[in-house]
Amino acid sequence: MKKTHIIILVLIAAAIVVLISYTGDLTTYETIASARQKEGKFVNLIAKLDTTQPLEYDAVKNPNYLTFTAIDTLGNSVKVVYHNNKPTDMEKSERLVLKGKMQGDHFECKDILLKCPSKYKDDPKAQQQNQPVAATEPAN
């Protein structure tokens, strides 16, 4: 075998190793029911804040303790415990991505990502104002 063939095989093998190592970093989103089946394992939940249940946060007493109830798309709910500051505008967020582990009857959250509220959705009035005016040709 030529040296160039050996070098090419080594590079291909290295590329395969790199691709395999990245597959371990792929994350999937779970429902509350599937997260309960994976108790103790790190998962990502997509849910929304249950506004009918109380949100417990006291910045004076303990600014690093937040509890609330989250509901997933299937209607399942779970108590979430978050040991950090309450995210700004959490109540206005359409969806939450909760990263953490199920611990018994609650979800121990390590990180919360807020999905943007509907302010980024298309505004019909703004669309009408920004439409170009059709040019009309003068009549001959």
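Residues numbered from 1 in each chain as written. Predicted model: local features only at pLDDT ≥ 70, side-chain atom pairs only at ≥ 80, totals over all residues. Heavy atoms only, no water.

### A look at a nonpolar patch on the surface
Phase 1 of the analysis: Together, I8, L9, I12, I16 and I20 make up a nonpolar patch on the protein surface, roughly 470 Å² of accessible area in all.
Phase 2 of the analysis: Along the polypeptide, I8 turns up in helix α1 (residues 3–23). (Patch = residues over 30% accessible without salt bridge, like charges linked within 9 Å, V, L, I, M, F, W, Y side chains within 5 Å. Areas by Shrake-Rupley, 256 points an atom, 1.4 Å probe, with all protein chains shown as cover. Salt bridge = Lys/Arg side-chain N within 4 Å of Asp/Glu carboxyl O. Helix = DSSP H or I, 4+ residues; strand = E, 2+ residues; numbered from the N terminus.)

### Some words on the pairing of strand β4 (residues 62–71)
Looking down a regular strand, the side chains alternate between one sheet face and the other.
Phase 1 of the analysis: Across two bridges, the pairing between strand β2 (residues 43–49) and β4 is antiparallel. Bridge pairing in β4 links L49 to A70.
Phase 2 of the analysis: Relative to β4, strand β3 (residues 56–58) runs antiparallel, the two being bridged by three bridges. Across the sheet, residue Y57 finds its bridge partner in β4, namely L66.
Phase 3 of the analysis: Between β3 and the antiparallel strand that follows it, β4, lie three residues.
Phase 4 of the analysis: Pairing analysis gives six bridges linking β4 to strand β5 (residues 77–82), with the strands arranged antiparallel. Its bridge partner lying in β5, T67 is registered against V81.
Phase 5 of the analysis: Where β4 hands over to β5, the hairpin turn is made up of five residues, of which G75 adopts a positive phi near 95°. (Pairing = 2+ DSSP bridges.)

### Quick word on the side chain of D50
Phase 1 of the analysis: In this structure, D50 sits in the loop between β2 and β3.
Phase 2 of the analysis: Within the buried set, D50 has no salt-bridge partner at all; the shortest N-O distance to an opposite charge, 8.2 Å, is to K48.
Phase 3 of the analysis: Excluding anything up to four places from it in sequence, D50 contacts T69, A70 and I71. (Buried < 20%, exposed > 50% of the residue type's maximum accessible area, 1.4 Å probe, protein only. Lys, Arg positive; Asp, Glu negative; His and termini not counted. Contact = heavy atoms within 4.5 Å.)

### Topic: the nonpolar core
Phase 1 of the analysis: Among the nonpolar cores identified, the biggest contains 19 residues, and F68, V80, L96, L98, F107, C109 and I112 are the most heavily contacted of them.
Phase 2 of the analysis: Sorting the residues of this core by element identifies α2 (32–37), β2, β4, β5, β6 (96–103) and β7 (106–114) as the ones contributing at least two each.
Phase 3 of the analysis: Looking at this core, the element that brings in the most residues is β2, giving four residues.
Phase 4 of the analysis: Once residues within four sequence positions are removed from consideration, F68 is found in contact with L49, P54, L55, V78, K79, V80, M90, L96, L98 and I112. (Core = buried A, V, L, I, M, F, W, Y, C linked by side-chain atoms within 4.5 Å.)

### A short note on the confidence of the model for the protein chain
Phase 1 of the analysis: Residues with a pLDDT of 70 or more make up 79% of the protein chain, whose mean pLDDT is 82.
Phase 2 of the analysis: Under a pLDDT of 50 for its full length, residues 129–136 has, in the predicted model, zero contacts with residues more than four places off or in other chains. (pLDDT = per-residue confidence, 0-100.)

### Some thoughts on the side chain of T67
Phase 1 of the analysis: Relative to the helices and strands, T67 resides in strand β4.
Phase 2 of the analysis: If near-sequence neighbours (up to four positions away) are discounted, T67 is found in contact with P54, L55, E56, K79, V80 and V81.

### Some details on the environment of K99
Phase 1 of the analysis: You can see K99 is positioned in strand β6.
Phase 2 of the analysis: The spacing of K99 and Y29 is 70 residues in sequence and 9.5 Å in space, taken between C-alpha atoms.
Phase 3 of the analysis: For K99, the residues in contact, after removing those within four places along its chain, are F42, V43, N44, F107, C109, K110, D111 and L113.

### Description of the pairing of β7
Phase 1 of the analysis: Pairing between β5 and β7: four bridges, direction parallel. What sits directly across from K79, in β7, is H106.
Phase 2 of the analysis: With eight bridges connecting them, β6 and β7 associate as antiparallel partners. Considered in β7, the bridge of L98 is made with I112.
Phase 3 of the analysis: In this antiparallel pair of consecutive strands, β6 and β7, the connection spans two residues, and G104 shows a positive phi of 70°.

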